[in-house]
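Summary of structural features
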Amino acid sequence: MNTRVRTLPIRVPPLPGEALDSWTEALARRLDSPLGEVLHHLGLPPRTGHGDHLRGIPRDWTILLSGAHTTNIAHASGLDERTVTDMTLMYYDGRAVRINTERPNVNRRVLWGRGSGSRFCPDCLIESGGRWLLSWRLGCSFACLRHGRLLADCCPACNQIPRERPAATPAIPRPHTCGSPYPGPGGGFSKGCGFDLTQTRTLRLPASHPALLAQARLLDVIDADTAAFGAYQYSPQSARQALTDIQAIARRVLQDLPASNLRDLIPRDIADGHLITDLGCPLASRAAERPGFMAPPRAVSTAASVAIALHVLDQPDIHLAGRVLRDLIEAMREELWQVSITSIDGWGRDLSTVLNAVHIAALAPSMRPNEQLRHRTPTAMPRRTEKTSRDIDRRARKIPSMFWPVWTTRLTPPEGVYPRAIAPVLAASLLIVGSKARLEDVAGRLGSATTGINISRILQWLQDQPQWTDTAVALVRLADHLDATEVPIDYQRRRRLDYTRLLPRSRWSQICRRTGTPVGRGPREQIVRSLLFQRISGLPAEACSSNESAASPPKRSPATRTSPKRSSGNRAPTSRPSKPPNSPMHWLEKQGTSSPRTASTTSRSPGSRPPRC
């Protein structure tokens, strides 16, 4: 037990959600004692001004209490230490604010933290007898859900923000009156304005108003410390992460959204309150300086911007949220082509994967098909490229140069392109998923069975087909399946083998005699050899060199004659095409677990022109 701090003769329990400074003032009124004496009895040292932070004294005790101060207050008041701590902003630390514990203050550069001061609801002050809620100090707090009105920003008499400075300690605090010191006529500062804050007028809002719904959403996220609504249901985020996203969009709204578009997105009452300002009000001039960079000084501006931000993120999935965000970006930027995937980096730091996915979905309609594959835009959760060159090399070992025949049949439209042209493009598309590799490099990694130009041309043609979305989803899922699966065949090794001794003429004649098949004059033998070559190597059948006489020098297949730039680290093929232990002749055709959900093939639309490949 602390022997230096005595227990108080009268106990005053704090109200739910009450701030520490409000509770100490209520305690002083109940004890009919000056506030300074009560603070001294609670074990809180007096402020001297300069150097307080060096003695561990914060500017406002409501921000942070040390362990010793918490123990003293708990002992004197009869409260438990957790209740005392919950009356400070440490209750919201890591969720709605970030507090610097070394030099006790609120970080104003993140989460719209307010360094000092508090908004207030006049009706709540009347009902509670002048008690102030801790949540009113949050930068994202702008409306009272109980009374359906915006919070007041400042005292209408002196234009000072309440509780921006510590209350005067020599006097007994008066309930619901403005105690902000302000310059007097003869110089110096008065002890307080004295205006009755319950007479402050603010905008009344109907029950279904977007501003009230937005405030309720924010408070729910902060209380639960989890955002799982709307676009976040596929990837729930922490409250800090969700608030960072919301404030990033709100910041762009305050900075760049034209007034005409803003009036179309939110009700007229808060739109007018945000746009029509009183030039004599100091908060109005502060709002015009770098809007959104820190917490908006006015509740109506916060309400307007947050309501629009939540209109984006409250959509039921990523792609619907992307459509709303795309309209918002088009309103803020005249030329949408100027916006890139990385443009969102300028919106703020530590943005979540969900907001990045929504931003990618917003730009998806303007992307080329290969960029859509890179960022997985047709999937439920688009994301930026994250695969390294080593990851792509590892995936390339699992992919034949010619796409698996069964999958080629399933993903090829019924008309417009030959399987020989589309098969290597589909195979190369698997290397595009999640990577930054250039199309020419992708083609080279798979034996140069096609070219970067052909990949771009055929993918653009596929994008024009009605089943493109399902095709792209199938390719993305198959690429993910390959990354997560150990494939028994190393196609990169097979592409480097020497196939000049594949199916010699003597072996072909022996097979024909045993099966009673005519040997033929040459073309039949070459066709069988080419099909066997494609089956084993995964390369195009025409890449197989013709097997002439045994005296002829061995030839390498054209696909193996790649330059060092295209096949980095590949040694000259010298081995025979033997099947390694436990290596099947083919793979994936019989795999049933990774079948994608693809649309039924339909004929191409009239007027569409197939690529000439």
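This one's a predicted model, so the numbers in the text were calculated from it and none came from an experiment.

Regarding its fold elements, the protein presents 23 helices and 6 strands. Considering the protein as a whole, with its 613 residues, one finds that 50% of them fall into the buried category. Sequence separation of at least 24 residues holds for 69% of the intrachain contacts in the protein that already meet a minimum separation of 6.

This part takes up the nonpolar core. General note: in soluble globular proteins, nonpolar side chains tend to be found buried as a group. Counting 74 residues, the largest nonpolar core has Phe-142, Ile-249 and Leu-328 as the members making the most contacts within it. Those elements that place two or more of their residues in this core are helix 6 (210–224), helix 7 (239–256), helix 9 (268–275), helix 11 (299–313), helix 12 (318–332) and helix 13 (353–363). Among the elements that take part in this core, helix 11 stands out by supplying 11 residues, more than any other. Sequence-distant contacts of Ile-249, defined by excluding residues within four places in its chain, comprise Ala-309, Val-312, Leu-313, Leu-328, Trp-347 and Leu-355. By size, the runner-up hydrophobic cluster in this structure holds 42 residues, among which are Ile-458, Trp-461, Trp-468 and Leu-475.

Time to look at the packing of helix 17 (residues 419–432) against helix 19 (residues 452–463). As a packed pair, helix 17 and helix 19 sit with axes 10 Å apart at the nearest point and diverge in direction by 95°. What the angle tells us is that helix 17 and helix 19 run roughly perpendicular. Contact residues: Ala-421, Ile-422, Val-425, Leu-426, Ala-428, Ser-429 and Ile-432 in helix 17; Asn-454, Ile-455, Ile-458, Leu-459 and Leu-462 in helix 19.

Take helix 9 next. Each full turn of the α-helix corresponds to 3.6 residues, which orients residues three or four apart in the same direction. All of the buried residues in helix 9 are Ile-270, Ala-271, Asp-272 and His-274. In this fold, the buried residues of helix 9 make contact with helix 6, helix 7, helix 8 (259–265) and helix 11.

Let's shift gears to the packing of aromatic side chains. Taken as a whole and judged by the stated rule, the model has 8 aromatic pairs. With a centroid separation of 5.9 Å and 75° between ring planes, the pair formed by Trp-132 and Trp-136 is classed as edge-to-face. With relative accessibility at 3%, the residue Trp-132 sits in the buried group. Here Trp-136 falls in the buried class, since its relative accessible area comes to 3%. Members of the aromatic cluster, each reached through a chain of ring pairs, are Phe-403, Trp-404, Trp-407 and Tyr-491. One residue, Arg-95, lies across the ring of Tyr-91, its end atom 4.7 Å from the ring centre. If you follow Arg-410 out to its NZ or CZ, it ends over the ring of Trp-407, 5.7 Å from the centre.

This model, assessed by the stated rule, comprises 28 salt bridges. Close ionic contact of Arg-395 with Asp-483 constitutes a salt bridge, the shortest N to O distance being 2.8 Å. Taken as a pair, Arg-395 in helix 15 (residues 389–396) and Asp-483 in helix 20 (residues 468–484) lie far apart in primary sequence, 88 residues in all. Arg-395 sits in the buried class, given a relative accessible area of 1%. Here Asp-441 ties to Arg-438 by a salt bridge, and the two come within 3.1 Å at their closest N and O atoms. The partly exposed category is assigned to Asp-441, whose relative accessible area is 32%. On the basis of relative accessible area, Arg-438 is assigned to the exposed category, the value being 52%. When salt bridges with common partners are traced through the structure, they connect Asp-21, Glu-25, Asp-60, Arg-137 and Arg-163 into a single cluster.

A positive phi angle, close to 55°, is found at Asp-225, a residue other than glycine. Its location among the elements puts Asp-225 in the loop between helix 6 and strand 5 (226–227). Look at Asp-225 and you get partly exposed, because its relative accessible area is 33%. A positive phi is found at Leu-503, a non-glycine position, where the angle reads about 50°. Examined against the element boundaries, Leu-503 turns out to sit in the loop between helix 21 (491–496) and helix 22 (505–515). When its relative accessible area of 10% is taken as the criterion, Leu-503 is described as buried.

This part covers the side chain of Ser-530. Within the secondary structure, Ser-530 sits in helix 23 (residues 523–537). Excluding residues within four positions of it along the chain, Ser-530 makes contact with Ala-541 and Cys-544.

On to helix 1 (residues 20–31), then. Here helix 1 is 12 residues long and its end C-alpha atoms lie 16 Å apart, about the 16 Å a rise of 1.5 Å per residue gives. With 9 of 12 residues buried, helix 1 is to be regarded as a mostly interior element. If you check which residues of helix 1 are buried, you get Leu-20, Asp-21, Ser-22, Trp-23, Thr-24, Glu-25, Ala-26, Leu-27 and Ala-28. Lining the buried residues of helix 1 we find helix 2 (35–41) and helix 3 (67–77). Note on helix 1: the residue one or two positions beyond its end, Asp-32, has a positive phi of about 55°.

Summarising the model, the protein shows a mean pLDDT of 84, and 82% of its residues fall at 70 or more. In this model residues 547–576 is a low-confidence stretch, pLDDT under 50, and it forms 43 contacts with partners more than four residues away in sequence or in other chains. Taken as a whole, residues 592–613 scores under 50 in pLDDT and shows 42 contacts with residues more than four places along the chain or in a different chain.

Definitions and cut-offs
Residues numbered from 1 in each chain as written. Predicted model: local features only at pLDDT ≥ 70, side-chain atom pairs only at ≥ 80, totals over all residues. Heavy atoms only, no water. Helix = DSSP H or I, 4+ residues; strand = E, 2+ residues; numbered from the N terminus. Buried < 20%, exposed > 50% of the residue type's maximum accessible area, 1.4 Å probe, protein only. Contact = heavy atoms within 4.5 Å. Core = buried A, V, L, I, M, F, W, Y, C linked by side-chain atoms within 4.5 Å. Axes fitted to C-alpha atoms, helices over the stretch in contact; angles between N-to-C directions. Parallel < 35°, antiparallel > 145°, perpendicular 65-115°, else oblique. Phe/Tyr/Trp six-rings, centres within 6.5 Å; stacked < 30°, edge-to-face > 60°. Lys NZ or Arg CZ within 6 Å of the ring centre and 35° of its normal. Salt bridge = Lys/Arg side-chain N within 4 Å of Asp/Glu carboxyl O. Expected span 1.5 Å × (residues − 1). pLDDT = per-residue confidence, 0-100.

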